[in-house]
Amino acid sequence: MPINILITEDHTIVREGLRNVLSDEDDLLVVGEAADGLEALKLVKELVPHVVLMDISLPNLNGVEAT
């Protein structure tokens, strides 16, 4: 069973890079991506990931507050 991951990062290129690196691993599955803290909270409730990679500096709700 893979580890389900939600990536939360406001910079698209960084988010894409993380997704590409993680996708190379058989036991990891990126189930969602969020560009801000509010979107991350919504996706955590919907997707229930095992792990959230959270940027600290995010628009609308920063990573510390979202966590």
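Relative to the helices and strands, R15 resides in helix 1 (residues 12-23). Beyond its immediate sequence surroundings of up to four residues, R15 is in contact with I7, E9, D10, E33, A34 and A35.

Moving on: the sheet that holds strand 1 (residues 3-8). One open sheet holds the three strands; their spatial order is 2-1-3, and the pairing between them is parallel. Each edge of the open sheet carries a strand with a single partner, namely strand 2 (28-34) and strand 3 (51-54). Ignoring strand direction, the axes of neighbouring strands in this sheet form an average angle of 25°. Against the sheet, helix 1 engages strand 1, strand 2 and strand 3, with an angle of about 165° to strand 2. Helix-sheet contacts for helix 2 (residues 37-47) involve strand 1, strand 2 and strand 3, and the interaxial angle to strand 2 is about 140°.

We now examine the pattern of salt bridges. One pass over the structure, following the stated rule, counts three salt bridges. For E33, the salt bridge goes to R15, with nearest N and O atoms at 3.3 Å. One end of the pair, E33, is in strand 2; the other, R15, is in helix 1, and 18 residues separate them in sequence. In this structure, R19 and E33 form a salt bridge, with 2.5 Å as the shortest nitrogen-oxygen distance. With R19 in helix 1 and E33 in strand 2, this pair connects stretches of sequence that are 14 residues apart. Here the salt bridges do not stand alone but share partners, grouping R15, R19 and E33 into one network.

What counts and what doesn't
Residues numbered from 1 in each chain as written. Predicted model: local features only at pLDDT ≥ 70, side-chain atom pairs only at ≥ 80, totals over all residues. Heavy atoms only, no water. Helix = DSSP H or I, 4+ residues; strand = E, 2+ residues; numbered from the N terminus. Contact = heavy atoms within 4.5 Å. Pairing = 2+ DSSP bridges. Axes fitted to C-alpha atoms, helices over the stretch in contact; angles between N-to-C directions. Salt bridge = Lys/Arg side-chain N within 4 Å of Asp/Glu carboxyl O.

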